[in-house]
Amino acid sequence: MSRPRFPGQAVLVTGASRGIGAAVALAFAREGARVALQYAHDGAAARQVHGALPGGGHLTIRADLGRREEATGLVEKARLALGGLNILINNAGIYRTRRFEAYDPLSWRQDWDDLLMVNLTAPAELAFHAASAMIRAGHGGKIINISSRGAFRGEPESPAYGAAKAGLNSLTGSLAVALAPYRISVCALAPGWVETDMAQPYLSGKPGRQRLADVPLGRAARTEEIAAAVLFLASEEAAYASGTILDMNGASYLRT
Ligand SMILES: NC(=O)c1ccc[n+]([C@@H]2O[C@H](COP(=O)([O-])OP(=O)(O)OC[C@H]3O[C@@H](n4cnc5c(N)ncnc54)[C@H](OP(=O)(O)O)[C@@H]3O)[C@@H](O)[C@H]2O)c1
């Protein structure tokens, strides 16, 4: 049997109650890590994911990342419970779509406030507190931000989502430089469609089949594929890739 790749490492995964976050939490636990699983609303789902993790020392933490003060406190809660923090996976996110013509001033503002808060401001808050704790501990660390193809391609029916993810990409690069002296690696991963609850409404029926037909690989990514890439970016082998944004979009959008 091969040795675990993350033995005893303390990992905080946001949005771990389902989808990509749940797959990432499972992948880290299989490699010997202790995982703090953050969720916002669905405690039962988070506890189910927790219960399925191999190994020990895992826990669930509730925090609504739509509320700045809950985002601010999350890292310290996880750090105290895990006895340290080596890796932060900023995965939690929300997606809402509406045709431009269907917006009014109030709904436009509401989407910007909500989507920017959960998808950009909260990850920035978590990254700040995680990096500060890693610097104090003096052991380096990894921060992986889950971005999106939409940051590059545009999101005509969710402009706030696209802008938030583009901001997350910029934050990734800036922090990779600022935190390099402390051996803290910062990367992002930009998926196209992934088989999760978030994507499900957009991948069903005829419009869904058309969206998948537009992907050269002809399918959405599986959460396990995204999780495997996250673990690679969080590994020591990828330390020199700090600052990178890894595309996982089935060749559906090329940045050349
Ligand atoms: N699926 C895709 O096609 C796709 C494509 C590109 C990028 N992404 C990105 O990948 C990440 C994960 O997406 P997913 O598809 O796995 O999403 P998902 O299945 O909808 O799961 C979202 C997760 O985020 C949590 N969450 C939602 N609102 C939150 C809030 N206000 N505060 C804290 N946590 C909150 C949810 O917790 P609760 O269950 O407790 O609500 C859940 O654990 C997101 O950042 C998303 O933007 C996804």
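Details of the structure are given in the entry above.
Attention here is on the structure that accompanies the text.

Cut-offs used in this document
- Residues numbered from 1 in each chain as written.
- Predicted model: local features only at pLDDT ≥ 70, side-chain atom pairs only at ≥ 80, totals over all residues.
- Heavy atoms only, no water.
- Near = heavy atom within 4 Å.
- Polar contact = N/O pair within 3.5 Å; in protein donor to acceptor, adjacent residues only side chain to side chain.
- Areas by Shrake-Rupley, 256 points an atom, 1.4 Å probe, with all protein chains shown as cover.
- 1 Å grid on protein atoms, 1.4 Å probe; cavity = no way out; pocket = protein on both sides within 12 Å on 5 of 7 lines; lining within 4 Å.
- Sits in = over half its atoms within 2 Å of the grid points.
- Helix = DSSP H or I, 4+ residues; strand = E, 2+ residues; numbered from the N terminus.
- Nonpolar A, V, L, I, M, F, W, Y, C, P; charged D, E, K, R; others polar.
- Contact = heavy atoms within 4.5 Å.
- Axes fitted to C-alpha atoms, helices over the stretch in contact; angles between N-to-C directions.
- Parallel < 35°, antiparallel > 145°, perpendicular 65-115°, else oblique.
- Left-handed = near helix turned anticlockwise from the far one by under 90°.
- Core = buried A, V, L, I, M, F, W, Y, C linked by side-chain atoms within 4.5 Å.
- Buried < 20%, exposed > 50% of the residue type's maximum accessible area, 1.4 Å probe, protein only.

The next subject is the site of the ligand. Among the 33 residues in the neighbourhood of the ligand, the closest are listed as Ser17, His41, Asn91, Tyr161 and Thr196. Here an oxygen atom of the ligand and a backbone polar atom of Ile20 are 2.9 Å apart. A distance of 2.9 Å separates an oxygen atom of the ligand from a polar atom in the backbone of Asp42. Taken by itself the ligand offers 900 Å² of open surface, and the protein chains cover 95% of this. Taking a 2 Å distance to the grid points as the criterion, the majority of the atoms of the ligand fall inside the largest pocket. Of all the secondary-structure elements, those providing two or more residues to the shell around the ligand are helix 1 (19-30), strand 2 (34-39) and helix 6 (159-179). When its residues are assigned to classes, the shell around the ligand shows 16 nonpolar, 12 polar and 5 charged.

What follows concerns the side chain of Glu125. Within the secondary structure layout, Glu125 lies in helix 4 (residues 105-137). At a separation of 2.8 Å, a polar atom in the side chain of Glu125 contacts the side chain of Thr72. Filtering out sequence-adjacent residues up to four positions away, Glu125 remains in contact with Arg68, Ala71 and Thr72.

Axis separation between helix 4 and helix 6 bottoms out at 9 Å; the angle between their running directions is 15°. On the basis of the axis angle, helix 4 is roughly parallel to helix 6. Here the hand of the crossing between helix 4 and helix 6 comes out right-handed. Along the contact surface, helix 4 presents Trp108, Asp111, Trp112, Leu115, Leu116, Asn119, Leu120, Pro123, Ala124, Ala127, Ala131 and Ile135, while helix 6 presents Pro159, Ala160, Tyr161, Ala163, Ala164, Gly167, Leu168, Leu171, Leu175 and Leu179. Of the residues in the contact of helix 4 with helix 6, the class split is 19 nonpolar, 2 polar and 1 charged.

As a further point, take the nonpolar core. Burial of nonpolar side chains together is a common tendency in soluble globular proteins. Within the largest apolar cluster, 35 residues are counted, with the highest numbers of intra-cluster contacts made by Leu12, Leu65 and Ile143. When residues of this core are traced back to their parent elements, those giving at least two are strand 1 (10-13), strand 3 (59-62), helix 3 (68-82), helix 4, helix 6 and strand 6 (184-191). It is helix 4 that contributes the most residues to this core, 10 residues altogether. If we skip the residues at most four places from it in the chain, Ile143 touches Leu88, Asn90, Ala127, Ala131, Met134, Leu179, Ile184, Ser185, Val186 and Cys187. Within the second largest apolar cluster, 32 residues are counted, among which are Ala27, Ile226, Val230 and Leu233.

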